[in-house]
Amino acid sequence: MKKWFQALILAVGLILALTPAALAGTVTGDQLRQVFPQAPAPGKTLTRGEFAALLARAAGVQVKGNPADTQGDAWYGPAVTALKEKGVIRGYPDGGLHTDRPVTLLEAAVMASRVLGLPDGVAAPEVKGSLERESWGYTPYAWLVRAGLLQPGQDAGRLLTVDEGVAFLARVFGSDPEAERIVQAARQAQAKVKDLKFAGSMAVTMRPRPEMAGKMPPVSMQGNIVSEFSYPLSLHQKVDMTLNLPAEKTPGKDLPAGGKVQMTMEQYLVDGTMYQRVEAPGMAEPRWMKLPKGALPDLKALVEQSRNAAGLPPGLKDSFHFRYLGEGIENGHKVHRIAYYGRIDDWRALMQALPGGLTPEMEQVLTQAGGVLKSVSFWGEEAIGVEDNFTYASEMTGLVAFADKFQGETVPLETMTINMKITDYQYNSGVKIQVPAGALAAPEVPLTPSEPEAKPPGSQMQG
């Protein structure tokens, strides 16, 4: 198995395990206005360069001293340079940045979405909006509409004033106090739950790099997920997936025709020990394996932390933001609809903030998983009961952008989208989790294989 693919599997595990539960920091309009050397005149139209300076301040982008570049002595030059290096501001088809031109709402939305980690090439969510799908900025526009950051009826092409640009960024990089209050109450309610069971669907889409055209086809998976929790910490999870491959490119004589590959992953976590079993065509007879206790962080402490109102540790809270979308009905319950979104770049800082710190095994996992990832952004929505503060429906999308290379190998994937939709939550139903005898008797395996890489017996997978 290729090194990048092995790292990808580990990275996906991290993504699913670390779905955000943090409260966000806020940025105010007054703080943003401080980037201007002089107070702008009332009603002044905002330029692209000025918006770049506001965006850098709102997002906490590090801005260096003004270099000798095409921006000359413009006060916003350092911010433009910093955002250009990060691929946030890219200019027009003629190659010019045109920082003195007025900025439109759509241009502002696209640049903000790039800072939030929305990778190029991902599919747009289904929304009702005024912008045509053929527009160059429709995908980021749709994601921001879904998160409640843009209103469907807004004219995306209108020019922004300074006041409007400041208000937009304060909204994007802040959080609703009402949404934060509801999320706090939900965490407190969750802390009293004895057991939880939920079921839903999961879909994964992997998009190859453009230069891989003809060599690697797009790959998608969809299936069902069932999870059971008994607190303080016992877990049983089963995922049944169908991997869709082009029929003519399906490798291995033991794999089914038509490109439909059925895969099942099941895992238990009891008394701090994790047991896993994977079943897929072309692999040897599926067997349970046991991960060493010392290889995992203090999972009990992590769960308890996520169940109280503290959320993630300080230093990570500013990465995620919440918006209140209004009330609705879900599964017969009156609910608050809360949108959340955010981005993670520094996996080491995230993992080091977990209870118990990092074991040597986790350090190795982090190096592999983090090395193959460029960024991950999370976009989700939860339906939280008005009366009891329990979650009754949720949808989370993880948007992944991959590094160009990993340990000298080209990573053929450009992006991956992971979507989980849960519509069946059951609380305090008497969940009892029992590890199968075959799992208890399974041999202990290292979390990461030693070099040289061992190919699983009977595996037909191609890297």
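On a predicted model such as this, the values are computed, not experimentally measured, just so you know.

Definitions and cut-offs
Residues numbered from 1 in each chain as written. Predicted model: local features only at pLDDT ≥ 70, side-chain atom pairs only at ≥ 80, totals over all residues. Heavy atoms only, no water. Helix = DSSP H or I, 4+ residues; strand = E, 2+ residues; numbered from the N terminus. Buried < 20%, exposed > 50% of the residue type's maximum accessible area, 1.4 Å probe, protein only. Contact = heavy atoms within 4.5 Å. Areas by Shrake-Rupley, 256 points an atom, 1.4 Å probe, with all protein chains shown as cover. Pairing = 2+ DSSP bridges. Axes fitted to C-alpha atoms, helices over the stretch in contact; angles between N-to-C directions. pLDDT = per-residue confidence, 0-100. Core = buried A, V, L, I, M, F, W, Y, C linked by side-chain atoms within 4.5 Å. Parallel < 35°, antiparallel > 145°, perpendicular 65-115°, else oblique. Nonpolar A, V, L, I, M, F, W, Y, C, P; charged D, E, K, R; others polar. Phe/Tyr/Trp six-rings, centres within 6.5 Å; stacked < 30°, edge-to-face > 60°.

Observations regarding the overall build of the chain
Thought 1: Secondary structure assignment for the chain yields 12 helices and 13 strands.
Thought 2: Expressed as a percentage of the 463 residues in the chain, the buried residues total 51%.
Thought 3: In the chain, of all internal contacts separated by at least 6 residues, the share reaching a separation of at least 24 is 67%.
Thought 4: When the accessible area of the chain is evaluated, it comes to approximately 21800 Å², of which 52% is carbon and sulfur surface.

Concerning helix α6 (residues 138-146)
Thought 1: By the criterion of burial, α6 is predominantly enclosed, with eight of the nine residues buried.
Thought 2: For α6, the full list of buried residues reads Tyr138, Pro140, Tyr141, Ala142, Trp143, Leu144, Val145 and Arg146.
Thought 3: At its buried positions, α6 is contacted by α5 (105-115), α7 (162-172), β7 (320-330), β9 (373-385) and β10 (391-402).
Thought 4: A positive phi of about 80° marks glycine 148, the residue just after α6.

Thoughts on the sheet that holds strand β5 (residues 273-279)
Thought 1: The strand order across the open sheet formed by 11 strands is β6-β5-β4-β3-β2-β1-β13-β10-β9-β8-β7, and the pairing between neighbours is antiparallel. Bordering the open sheet on either side are β6 (289-291) and β7, each of which pairs with just one other strand. Across the sheet, the mean angle from the axis of one strand to that of its neighbour is 15°, orientation sign disregarded.
Thought 2: Sheet topology places β9 next to β10; 11 bridges connect them, and they run antiparallel. Along β10, the bridge assignment pairs tryptophan 379 with threonine 397.
Thought 3: Most of the contacts of helix α8 (residues 177-190) go to β7, to which it runs at about 75°, and overall it touches β1 (195-208), β7, β8 (333-344), β9 and β13 (413-427).

Focus: the confidence of the model for the chain
Thought 1: Averaged over every residue, the pLDDT of the chain is 80; residues scoring 70 or more account for 74%.
Thought 2: Counted against residues more than four places away or in other chains, residues 20-24, with its pLDDT under 50, gives 27 contacts.
Thought 3: Per-residue pLDDT stays below 50 along residues 67-71; that stretch engages in eight contacts with residues further than four places along the chain or on separate chains.

Digging into the side chain of threonine 273
Thought 1: Positionally, threonine 273 belongs in strand β5.
Thought 2: Judged by relative accessible area, threonine 273 falls into the buried class, the value being 10%.
Thought 3: Non-local contacts of threonine 273, meaning those with residues more than four positions away in its chain, are made with Tyr268, Lys290, Leu291 and Lys293.

Things to note about the nonpolar core
Side chains of a nonpolar character, in soluble globular proteins, are inclined to be buried together.
Thought 1: If you look at the biggest cluster of nonpolar residues, it comprises 54 residues, and the most contacted ones within it are Phe51, Leu55, Phe168, Leu169, Phe173 and Trp379.
Thought 2: At eight residues, the largest contribution of residues to this core is made by α5.
Thought 3: Setting aside anything within four residues of it in sequence, one finds tryptophan 379 in contact with Leu116, Leu118, Trp143, Leu144, Arg146, Ala147, Tyr340, Tyr341, Glu395, Met396, Thr397 and Leu399.

A short note on the packing of helix α3 (residues 48-59) against helix α4 (residues 77-85)
Packed helices, taken two at a time, are described by the angle between their axes plus the distance between the axes.
Thought 1: Running from N to C, α3 and α4 point in directions that differ by 75°, and their axes come no closer than 8 Å. Viewed along their axes, α3 and α4 adopt a mutual orientation that is roughly perpendicular. Judged by residue contacts, Gly49, Ala52, Ala53, Leu55 and Ala56 of α3 engage Ala79, Val80 and Leu83 from α4.
Thought 2: Broken down by class, the residue content of the contact of α3 with α4 amounts to seven nonpolar, one polar and no charged.

Let's talk about the packing of aromatic side chains
Thought 1: Tallied over the entire structure, the rule returns 14 aromatic pairs.
Thought 2: With centroids separated by 6.1 Å and ring planes inclined at 45°, the aromatic side chains of tyrosine 138 and tyrosine 141 adopt a geometry described as tilted. In this pair, tyrosine 138 and tyrosine 141 both sit in helix α6, three residues apart, roughly one turn of the helix. With respect to class, tyrosine 138 is no different from tyrosine 141; both count as buried.
Thought 3: Taken together, the ring pairs in this structure connect Phe198, Phe229, Tyr231, Phe390, Tyr392, Tyr425 and Tyr427 into an aromatic cluster.

A closer look at the pairing of strand β2 (residues 219-230)
Here is the key point about a regular strand: its side chains alternate between the two faces of the sheet.
Thought 1: As defined by bridge partners, β1 adjoins β2 across 12 bridges and the pair is classed as antiparallel. Across the sheet, the residue bridging to serine 201 is asparagine 224, located in β2.
Thought 2: Where β2 and strand β3 (residues 234-244) come together, 11 bridges link them in antiparallel fashion. In the sheet register, phenylalanine 229 faces β3, and the bridge partner there is leucine 235.
Thought 3: Two successive antiparallel strands, β2 and β3, enclose a turn made up of three residues.

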